[in-house]
Amino acid sequence: MASSFPSVSELVAGARHQYGKVFGEEAPLVAVCAPGRVNLIGEHTDYNQGFVLPMALPLVTVVVGSKTSEQDVTVVTATKDVDEPVRVDFSLPSDGSPLSPGSPSWANYVKGVIHHYRAPPVPGFRAVIASSVPLGGGLSSSASLEVAVYTFLQQLKPDDGEKVAKALSCQQAEHTHAGVPCGIMDQFVSVLGKEGHALLIDCRSLEATSIPLTDPELVILITNSNVKHSLTGSEYPTRRRQCEGAASILGKASLRDATMKDLEEARDKMDDVTYRRARHVIEEIERTVQAAESLKKGAYREFGRLMVESHNSLRDLYEVSCKELDELVSAAMEVEGVFGSRMTGGGFGGCTVTLLQAGAIDKTILHIKERYNGTPTFYVTTPSEGARTLSLS
Ligand code: GLA
């Protein structure tokens, strides 16, 4: 009943086929992939230097291709969401000047990663990109594309292999070439994700602790609302600014350094919206640390309770949920065997993540389908490995 998605090897086979069609007989020499992610808890805390608890998904972006002797780049997408493959050609500037963003917008991620690659200059190449991460679905299709392209470039011209620096370069690509002032969570977990584990990432020190998540009695269900409200683009930078404003009123470098006591004491120095944004962040950072402890102990009920608190806070204080996500969470919580459910990612559409007993999966999917006023897509997922090279033999 859950959606099936192509395996990594199926994506590679599709991309190779496309490569042959576009570039003739010659076979690609390099294949890599980088995963999308789902965040279990810790939302809108990364750019406040707080904690997040995501895991890498088996949904990935694949890049296959080869270096060329020219200074030109040709990239073709073979994504299932796009009927006709789209081809983009551009020349690499010889003086290191930035590649300007343009159309199609997905190519901006490629250009941004080339620009921020840590061992310039990048050689010319030909590549085909294929992805099983739903586009714009809140599962970090863009971070998986950035990290996949970076991993591909590492095969053409190695950098020092430093993984956190790699994630930071990909985040920079998103800032400068997609115009999204995102935090570090998505790129970090796409690079450093670990099979069978969630990652508790400290977004201040950029250190991560991996927490095992392989209990066969537990299922992680992602439900895509299949809606995307246009607010996302403008609201994200606004939230970020509001948080920075709150931190500065509190005299802190970031909200990570603030307590609820600090906030209550300064309440009359800020407007109500700023107060509510800051309260979400301060409490969410605390919830995330607690949730990681619960997960380590196998205290799933406790974990689930924190997920629901997180959702309610995102809905009421941070105001980034929407009626579709609220509906999906309420429906999931009505089913016996569900521990917790919440919106995941930036908000205003996209997906929810639900933790439940393995035995309850069928009835949960059925119930959500019945109750949701839309057409959801379901993914039953397991924590997967971060970006990696793939064999072409
Ligand atoms: C998006 C951003 C992340 C993070 C989440 C919200 O996914 O890319 O950096 O801020 O939203 O938690």
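Residues numbered from 1 in each chain as written. Predicted model: local features only at pLDDT ≥ 70, side-chain atom pairs only at ≥ 80, totals over all residues. Heavy atoms only, no water.

Asker: Explain the nonpolar core to me, using residue names and the numbers behind them.
Answerer: Counting 53 residues, the largest nonpolar core has Leu-53, Leu-255 and Phe-303 as the members making the most contacts within it. The contact partners of Leu-53, leaving out residues within four places of it in the chain, are Asn-39, Leu-40, Ile-41, Ala-198, Leu-199, Leu-200, Ile-211, Thr-288, Ala-292, Leu-295 and Phe-303. In terms of nonpolar packing, the next biggest core, distinct from the first, is built from 45 residues, Ala-107, Val-122, Ala-148 and Ile-184 among them. (Core = buried A, V, L, I, M, F, W, Y, C linked by side-chain atoms within 4.5 Å. Buried < 20%, exposed > 50% of the residue type's maximum accessible area, 1.4 Å probe, protein only. Contact = heavy atoms within 4.5 Å.)

Asker: Residue-level account of the state of the cysteines, with values.
Answerer: Within the structure shown, the criterion is met by zero disulfides. Take Cys-33: it sits in no disulfide, and the sulfur closest to it among the cysteines is that of Cys-170, at 14 Å. Of the residues examined, Cys-33 reaches a relative accessible area of 0% and is grouped as buried. The closest cysteine sulfur to the non-disulfide-bonded Cys-170 is located on Cys-182, 10 Å from its own sulfur. (Disulfide = S-S within 2.5 Å.)

Asker: How would you sum up the environment of Ala-253? Please name residues and give values.
Answerer: Along the chain, Ala-253 falls in the loop between helix H6 (232-250) and helix H7 (260-265). Residue classification places Ala-253 among the exposed residues on the basis of a relative accessible area of 76%. C-alpha separation for the pair Ala-253 and Pro-54, spaced 199 residues apart in sequence, amounts to 24 Å. (Helix = DSSP H or I, 4+ residues; strand = E, 2+ residues; numbered from the N terminus.)

Asker: For the site of the ligand, give the residues involved together with the corresponding values.
Answerer: Contacts to the ligand come from Arg-37, Glu-43, His-44, Asp-46, Tyr-47, Cys-182, Gly-183, Met-185, Asp-186, Tyr-236, Gly-345 and Gly-346. With respect to the ligand, the side chain of Arg-37 contributes an N or O atom lying 3.0 Å from an oxygen atom. At a separation of 2.9 Å, an oxygen atom of the ligand approaches a polar backbone atom of Gly-183. Coverage of the ligand by the protein amounts to 92% of the 310 Å² it exposes when considered alone. Its residues placed into classes, the shell around the ligand shows four nonpolar, four polar and four charged. (Near = heavy atom within 4 Å. Polar contact = N/O pair within 3.5 Å; in protein donor to acceptor, adjacent residues only side chain to side chain. Areas by Shrake-Rupley, 256 points an atom, 1.4 Å probe, with all protein chains shown as cover. Nonpolar A, V, L, I, M, F, W, Y, C, P; charged D, E, K, R; others polar.)

Asker: Quick one: what's the story with helix H8 (residues 272-297), residue by residue and with numbers?
Answerer: With 26 residues, H8 ought to run about 38 Å at 1.5 Å a step, and its terminal C-alpha atoms sit 37 Å apart, in line with that. Two to three positions downstream of the cap, the backbone nitrogen of Val-273 sits 3.1 Å from a side-chain oxygen, assigning the N-cap of H8 to Asp-271. Immediately beyond the C-terminal end of H8, within one or two residues, lies Gly-298, with a positive phi of roughly 75 degrees. (Expected span 1.5 Å × (residues − 1).)

Asker: Tell me about unusual backbone geometry, and name the residues and values.
Answerer: The amide bond that connects Ser-103 to the next residue, Pro-104, takes the cis arrangement and shows omega of -5 degrees. Among the secondary structure elements, Pro-104 is positioned in the loop between strand E4 (86-91) and helix H2 (106-116). Here the bond from Pro-120 into Pro-121 is cis, since omega is -5 degrees, no more than 30 degrees from zero. Although it is not a glycine, Leu-206 adopts a positive phi angle of roughly 60 degrees. The backbone of Glu-319 sits at a positive phi, close to 55 degrees, despite the residue not being glycine.

Asker: If you had to explain the packing of aromatic side chains to someone new, which residues and values would you point to?
Answerer: Tallying each qualifying case throughout the model produces six aromatic pairs. Ring centres of Phe-125 and Phe-152 lie 5.3 Å apart, and the angle between their planes is 70 degrees; this geometry places the pair in the edge-to-face category. Of this pair, Phe-125 sits in strand E5 (residues 125-131) while Phe-152 sits in helix H3 (residues 141-156), placing them 27 residues apart in sequence. The burial state of Phe-125 is the same as that of Phe-152; both residues are buried. (Phe/Tyr/Trp six-rings, centres within 6.5 Å; stacked < 30°, edge-to-face > 60°.)

Asker: Report on the side chain of Ser-132, specifying residues and quantitative values.
Answerer: As for its position among the elements, Ser-132 is in the loop between E5 and H3. Those residues within four positions of Ser-132 in sequence are excluded, and the remaining contacts are Pro-6, Leu-11, Pro-58, Leu-59 and Val-60.

Asker: I'd like a rundown of the sheet that holds strand E8 (residues 218-228), residues and numbers included.
Answerer: A sheet is described by the order of its strands in space; here four strands give the open sequence E9-E10-E8-E11, paired in antiparallel fashion. Taken across any chain shown, the strands that pair with only one partner, and hence form the sheet edges, are strand E9 (338-344) and strand E11 (377-381). Taken over all neighbouring pairs, the strand axes of this sheet differ in orientation by 20 degrees on average, direction set aside. Relative to strand E10 (residues 349-357), E9 runs antiparallel, the two sharing six bridges. The residue of E10 that forms the bridge with Val-338 is Leu-356. On top of the sheet, helix H9 (residues 300-316) reaches E8, E9 and E10; it is set at about 30 degrees to E9, its chief contact. Contacts from helix H10 (residues 323-333) reach E8, E9 and E10 within the one sheet, and its direction differs from that of E9 by about 175 degrees. (Pairing = 2+ DSSP bridges. Axes fitted to C-alpha atoms, helices over the stretch in contact; angles between N-to-C directions.)

Asker: Tell me about the pattern of salt bridges, and name the residues and values.
Answerer: Under the definition given, this model contains 25 salt bridges. Across the salt bridge formed by Arg-256 and Asp-202, the nearest N and O atoms sit 2.9 Å from each other. Pair noted here: Arg-256 is in the loop between H6 and H7 and Asp-202 is in strand E6 (residues 197-202), with a separation of 54 residues, a long-range link. Close ionic contact of Arg-287 with Glu-309 constitutes a salt bridge, the shortest N to O distance being 3.8 Å. With Arg-287 in helix H8 and Glu-309 in helix H9, this pair connects stretches of sequence that are 22 residues apart. For Glu-309, a relative accessible area of 32% puts it in the partly exposed group. Among the charged side chains, a salt-bridge network with shared partners connects Glu-284, Arg-287, Glu-302, Arg-305 and Glu-309. (Salt bridge = Lys/Arg side-chain N within 4 Å of Asp/Glu carboxyl O.)

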